[in-house]
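Okay, here's what each chain looks like letter by letter:
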Amino acid sequence: MPRTARDVVFVDGVRTPFGKAGGMYAETRADDLVIRCLRELLRRNPQLPPERVDEVAIAATTQIGDQGLTIGRTAALLAGLPKSVPGFAIDRMCAGAMTAVTTVAGGIAMGAYDAAFAGGVEHMGRHPMGEGVDPNPRILAEQLVDPSALVMGATAENLHDRLPHISKQRSDAFALASQERTAKAYADGKLQPDLVTIATRNAEAGWGLAGVDEAPRETSLPALAGLKTPFRPHGKVTAGNAAGLNDGATACLVTAEEVARELDLPVAMRLVSYGFAGVEPEVMGFGPVPSTEKALRLAGLSIDDIGLFELNEAFAVQVLAFLDHFGIDDDDPRVNPWGGAIAVGHPLAASGVRLMTQLARHFAERPQVRYGLTAMCIGIGMGGTVIWENPHWEGQ
């Protein structure tokens, strides 16, 4: 007998503070970061019986060492979930956690799951992007893609080439605004509620606690203008207008809306639609444009219906390309109100759930907004977008 698709909701999300690669988490295992997030979700939602969790999907881009061994399953066991709870690993590079959420959401919608944990982890200090990979030589020999497609910073320079009106100065100004918005969000106590404190160890300093992101810094337009362009002589992409190399983890609880109501779990967001799309790998930063167009089409919405945007700031030019395409101003207050990855960092597979967790917080504070979206570019030429509805919307 055919089943009716169920509404899927985002209940709660948490993350570790994001560290610089080789920084405060240099001697912390990657799996311990995501385990801590899963335990925190269980602690924060005691009305959820652990045996009601039907799946644990954890993403990692570099699935090796302490990010390997089917990390969704091993993290579930180590987090104290019953042995009856299965888990798996997933990889879509930067959109790993986003894909973990959309994957379990599909299972929930069709009735295969009632509740699931989804998230991601990346320890770029221990496992640099590209570690252990062996690209098929046909990729270059048959000119299937431009060689620059395998270097993310080079793809950002290529996007600048395609869109010459996006200047380095404009990218630097956007990057400065990200730092300033993040600093204000910290000062106003906006980011701290969903940060999971992590015990750290350093051979010289001993034990410590990581309670805030390691990457944010004070800067200025003159300081940003003077940074080197490592991907091209006299280029436009710098360490200042791009996300850094980072370590960190995220996790969230996703359920059927009827199950959330049954268990008295909070409903932070309602899933509306999602879309993934491919673009030329050498300009992968343009990916969120077609993925957003796809998600909007599936939802029957237009860009004017979106009241909040959480866009991953892998590179400033990537966000600016998105804004230009949809006719949105650089300083539009709907876009990344608390800053973004340029300031806090981008531990690849973990970042998608960070975007969702922040959007959920924005929804709670803005009942006048009905729809928001999370979007990100993805290595090897893709984009991903998820559209969410605000359950607190005052117009319903």
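Quantities reported herein were computed from a predicted structural model and do not represent experimental measurements. (Residues numbered from 1 in each chain as written. Predicted model: local features only at pLDDT ≥ 70, side-chain atom pairs only at ≥ 80, totals over all residues. Heavy atoms only, no water.)

S.K.: Got a minute to help me understand the pattern of salt bridges in this structure?
M.R.: Opposite charge on two side chains lets them pair, provided their charged atoms get close. Applying the stated criterion across every chain, the model contains 27 salt bridges. With its nearest N and O atoms 3.7 Å apart, the salt bridge here joins R36 to E40. Highlighted residues: R36 and E40, both in helix 1 (residues 30-44), separated by four residues, approximately one helical turn. Judged by its relative accessible area of 10%, E40 falls in the buried class. Across the pair E262 and R52 runs a salt bridge, and its minimum N-O distance is 3.2 Å. Taken together, the positions of E262 in helix 8 (residues 257-263) and R52 in the loop between helix 1 and strand 3 (55-59) put the pair 210 residues apart, joining distant regions of the chain. We classify E262 as exposed; its relative accessible area is 52%. By relative accessible area, which is 22% here, R52 ends up partly exposed. (Salt bridge = Lys/Arg side-chain N within 4 Å of Asp/Glu carboxyl O. Helix = DSSP H or I, 4+ residues; strand = E, 2+ residues; numbered from the N terminus. Buried < 20%, exposed > 50% of the residue type's maximum accessible area, 1.4 Å probe, protein only.)

S.K.: Explanation requested: helix 2 (residues 71-78) in the structure shown.
M.R.: Since there are 3.6 residues in each turn of an α-helix, residues three or four apart along the chain are aligned in direction. Of the residues making up helix 2, those classed as buried are I71, G72, T74, A75 and A76. Of the surrounding secondary structure, the elements contacted by the buried residues of helix 2 are helix 1, strand 3, strand 4 (87-90) and strand 5 (115-123). Just past helix 2, the residue G80 takes up positive phi, approximately 95°. (Contact = heavy atoms within 4.5 Å.)

S.K.: How should I be thinking about the environment of A60 in this particular structure?
M.R.: Examined against the element boundaries, A60 turns out to sit in the loop between strand 3 and helix 2. Linking A60 and A350, residues 290 residues apart in sequence, is a C-alpha distance of 7.5 Å. If near-sequence neighbours (up to four positions away) are discounted, A60 is found in contact with Q67, I90, D91, V121, E122 and A349.

S.K.: Explain the side chain of D12 to me, please; I cannot follow it from the model alone.
M.R.: Mapped onto the secondary structure, D12 falls in strand 1 (residues 8-15). Engagement of the side chain of D12 in a polar contact is seen with the side chain of R44, the distance being 2.7 Å. A distance of 3.1 Å separates polar atoms of two side chains, one belonging to D12 and the other to N45. Leave out the neighbours within four places in its chain, and D12 touches L41, R44, N45, D194, A251, C252 and L253. (Polar contact = N/O pair within 3.5 Å; in protein donor to acceptor, adjacent residues only side chain to side chain.)

S.K.: I'm lost on the UniProt feature "domain: Thiolase C-terminal" (unreviewed entry) in the protein in this one. Help?
M.R.: UniProt's entry tags residues 268-389 with the feature "domain: Thiolase C-terminal" (unreviewed entry), counted in the numbering of this structure. For residues 268-389, the helix share is 34%, the strand share is 26%, and the end-to-end C-alpha distance is 9 Å. (UniProt positions renumbered as here; feature names shortened; annotations may be inferred.)

S.K.: Teacher, can you tell me more about the pairing of strand 12 (residues 382-389) here?
M.R.: Each regular strand shows side chains that alternate between the opposite faces of the sheet. Judged by how many residues are buried, strand 12 sits mostly within the fold: seven of eight residues are covered. Here strand 9 (residues 269-278) runs beside strand 12; their pairing, made up of eight bridges, is antiparallel. Bridging across to strand 12, G278 finds its partner in M382. Pairing of strand 11 (residues 371-378) with strand 12, which is carried by eight bridges, proceeds in the antiparallel orientation. Among the inter-strand pairings, Y371 is bridged to a residue of strand 12, identified as E389. (Pairing = 2+ DSSP bridges.)

S.K.: Help me understand the environment of G287 in this model?
M.R.: With respect to the secondary-structure elements, G287 resides in the loop between strand 9 and helix 9 (288-299). Classification of G287 as buried rests on a relative accessible area of 0%. Separated by 98 residues in the primary sequence, G287 and T385 place their C-alpha atoms 9.5 Å from one another. Setting aside its immediate chain neighbours within four residues, G287 contacts V279, M382 and G383.

S.K.: What's the story with a nonpolar patch on the surface in this structure? I'm lost.
M.R.: There is a patch of nonpolar side chains on the surface, built from L140, L150, V151, F231 and I380 and spanning about 410 Å² of accessible area. By secondary structure assignment, the location of F231 is in the loop between helix 7 (221-225) and strand 8 (246-256). For F231, a relative accessible area of 39% translates into the label partly exposed. (Patch = residues over 30% accessible without salt bridge, like charges linked within 9 Å, V, L, I, M, F, W, Y side chains within 5 Å. Areas by Shrake-Rupley, 256 points an atom, 1.4 Å probe, with all protein chains shown as cover.)

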